[in-house]
Amino acid sequence: MATINTASPKQAEIIIRPPTQSRLLDVGELFRYRGLLWSMSRRQVKAEFGDLHLGIFWVLARPLLMTAIFVFFKNVSNAKTGVSVPYAAYLYSGLILWFFFAESVGRAAASIGKDGALMQKVYFPRLLSPLSGILAQLSGLAIAAVPLFLIMIYYGLAPGWNLLLLPIVLLQTMLLAFGTGCLFAALSTLSRDWERLLGLLLYIGLFVSPVIFAPEMLPKAAQGIQMLNPMSGTLLGFRAALFADYALPLYEWLYSLALSGVLGLVGVFAFQHAERTFMDRI
Amino acid sequence: MEDYAISVHGLSKRYSLGQKKPSHGAKGMLLGISELFGRTPQDDHSTIWALKDVSFEVRKGERLGFVGKNGAGKSTLLKILSRVAYPTDGEARIRGRVTSLLEVGTGFLNHLTGRQNIYLNASFHGLSKKETEQRIPDIIEFSELERFIDTPIKFYSSGMRARLAFSVAAHLDPDILLLDEVLSVGDMAFSQKCLERVEELTRGERTILFVSHSMDAVRRFCTRCIWLDCGQVVMDGPADEVTSAFTSDSMNLRAHQHWDPPPAQSTDQPRLLEDEDLPSNLPEPPHAHLVSTSILTQDGRQTATVCVADPIIFELIYEVYFNGAYVLPDFKIFTAEGILAFNLVHTGALASPDIKKRKPGRYRSIATLPPHLLNVGLYKISVSLTTPSSGKLVVHAEADNVLTFYVHEAPLGTTSALGPYRKVKGIIRPLVSWMDESVKQSS
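Keep in mind it's a predicted model, so treat the numbers as computed, not measured.

S.K.: So what exactly am I meant to see when it comes to the packing of aromatic side chains here?
M.R.: One pair of aromatic rings is described through two measures. These are the centre distance and the angle between the planes. Tallying each qualifying case throughout the model produces 19 aromatic pairs over all chains. When the centroid spacing of 5.0 Å and the interplanar angle of 90 degrees are considered together, the rings of A:Tyr154 and A:Tyr155 count as edge-to-face. Taking relative accessible area as the criterion, A:Tyr154 reaches 66% and is therefore assigned exposed. Note on A:Phe184 and A:Trp194: the rings are 6.2 Å apart at their centroids and 65 degrees apart in plane angle, and the pair reads as edge-to-face. Of this pair, A:Phe184 sits in helix α7 (residues 166-188) while A:Trp194 sits in helix α8 (residues 193-208), and the two are 10 residues apart along the sequence. We note that A:Phe184, like A:Trp194, is buried. An aromatic cluster is built from B:Phe314, B:Phe331, B:Tyr379 and B:Phe405, whose rings are joined through pairwise contacts. A:Arg62 extends its terminal NZ or CZ atom over the ring of A:Phe99, reaching a point 3.9 Å from the ring centre. It is A:Arg126 that lies over the ring of A:Phe124; its NZ or CZ is 5.0 Å from the centre.

S.K.: I would appreciate a short explanation of the nonpolar core in the present structure.
M.R.: Buried together is how nonpolar side chains tend to be arranged in soluble globular proteins. Of all hydrophobic cores here, the largest spans 116 residues; its most connected members are B:Ile6, B:Phe56, B:Phe66, B:Leu81 and B:Leu209. Here this core gets 16 residues from one element, more than from any other, and that element is helix α4 (residues 87-109) of chain A. Setting aside its immediate chain neighbours within four residues, B:Phe56 contacts B:Ile6, B:Ser7, B:Val8, B:Leu64, B:Phe66, B:Leu77, B:Arg224, B:Ile226 and B:Asp236. Counting 41 residues, the second largest nonpolar core, distinct from the first, contains B:Phe108, B:Val168, B:Met215 and B:Trp227.

S.K.: What's the story with unusual backbone geometry in this structure? I'm lost.
M.R.: What is expected of a backbone is that most residues other than glycine have negative phi and most peptide bonds are trans. All names here are of chain B. Although it is not a glycine, Arg83 sits at a positive phi angle of roughly 65 degrees. Here Arg83 falls in the buried class, since its relative accessible area comes to 17%. One non-glycine residue, Asn252, lies in positive phi territory at about 55 degrees. By the secondary structure assignment, Asn252 is in the loop between α8 (239-250) and β10 (256-258). Assessed through its relative accessible area of 60%, Asn252 is described here as exposed.

Calculation criteria
Residues numbered from 1 in each chain as written. Chains lettered and ligands numbered in written order. Predicted model: local features only at pLDDT ≥ 70, side-chain atom pairs only at ≥ 80, totals over all residues. Heavy atoms only, no water. Phe/Tyr/Trp six-rings, centres within 6.5 Å; stacked < 30°, edge-to-face > 60°. Buried < 20%, exposed > 50% of the residue type's maximum accessible area, 1.4 Å probe, protein only. Helix = DSSP H or I, 4+ residues; strand = E, 2+ residues; numbered from the N terminus. Lys NZ or Arg CZ within 6 Å of the ring centre and 35° of its normal. Core = buried A, V, L, I, M, F, W, Y, C linked by side-chain atoms within 4.5 Å. Contact = heavy atoms within 4.5 Å.

None of this, on its own, says anything about what the molecule does.
Okay, here's the thing in structure tokens:
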């Protein structure tokens, strides 16, 4: 048999130490395993859109139908949103980002449960499991972005220079989803109740985050409170990146970014800790 | 040592015995948080050390076997080296790419087909899609699962999963291969194929760590062996010696037995008797007692594990009380199930008539079994001292199941009656000569 040199994940020396003495986050190792991360993500994308031929329909149906319903309500009730962009564009963009976030958190939170059996049999950097779940969700977001372009063309909306912010806002959203997801993945190894709580939070979050409404519609005091929600700044930042007419609420978004960073670290810490104790419960 | 492949230093692993139940309710949720961010519970009565302070180094290309009872820590050790379990203390360093085969269906996902699982498994070991594609025909051919390769593996039997797992691992071309009891899965034919493949792999520069309950497999594949007990290294040395020592210990083997002299008879003064030919002139039996018996190697060492290709030497030392006594030793060899394999009776009386009239004193009789007589397995020995007579056999002393010994497989490359088989049935396994020729068919 011919020997084939495999480049990744070759390592000069693997050092195995107790969890307390090993690094919490080995970025170099994650990078070496990028090939595996890619194939794990691809497998999930395939599972969603490959086998299920209606996969694309399901990704589009939810935000489109909800947009149609809420635009109808808004029109019949004559409610004032106070946003500078057409409501349909505002609403649809908010919905697709929210669903991207919610699905990502859900996938990441389910990662230990889903890949746990695998983790007890083969070694791979454990964080690849939640990471690949989130990366795979990008495909859904990309598909859902197509109607967004059509809506923007319909209303004659154009992105400005702010469009350069889009990847940064998306990365920040993924970081927030990763942190939250990892934290709940860790917690749900200890108590099933955390899974239910996450489900509730993600459901309520859709209505308390500025997805359907605009912060301007709220009284001043309520605006301050709802900005504590890290998804508020994120959603507004996302729209600012998309629509030239929509101003970026800089401080609110920076707050979301900072909180994403903190949650990311807390999530990694909790996830690694939970995974290490989970492994012994065979 | 600089060229090590694996270096393990002070490795320990503690498991909590009490299965912690996931707690429910608000209290459980809060407890969860404190557990996640707090410290792990410290040593208490409900913990067990699966490994304690284990250290060893494995050179590149070395084939190291692990033996020990269930729960001795062998599998835990391989799990830590495969990085699917964390050590509690200590350190291990590994140089090279590791592939491990720990349990049946290692790292398979049920909803994927056999083929998809090959790709998945290969990607865990860092093979790209292209590299996997190059190997896939070999892997599928080896597994003999062509017909089922595009079926989701949830429909596979455990034997089929094992085949697939082994086939993938055997074609990943790792520097270090960790195998845990894998050769005992699947049917006989496939298991034979796996053995051959492992043999093939061992020819290269590969380092192999091998956990098995089969001493014969360890002897066959490993150059070195570590015996673990209760998470600690009991012995580390050549595979031959360590497996022998382990077998002796675990099977209660006995290579030697000594008897204290019976008080009554031994005090008797030996008497001279006129009519020496008639045993009836001797006092009532017993005329002798057993002193000791042993199983020996050719160079005179006591041993309870013998290679099939070596002679087996039985020694019996006994004391004769009376002048002119006619005492013959004999050995009975029983299988582990208690079936008498054969009875070794002394034939010396025919050869040397002197033996019929012994002087009082201590005698030593040795019986040598030729090589390639007993098959691999566990045997027990009973000994006795008798006088053959026309009437009833006179028994002076006897002891049942005094010694237990194990006949083990010959190492690779030694001529034995095993041939290409994995196991040969029967109590005896003589090495015979075979002659083959083509025969013309009569028209």
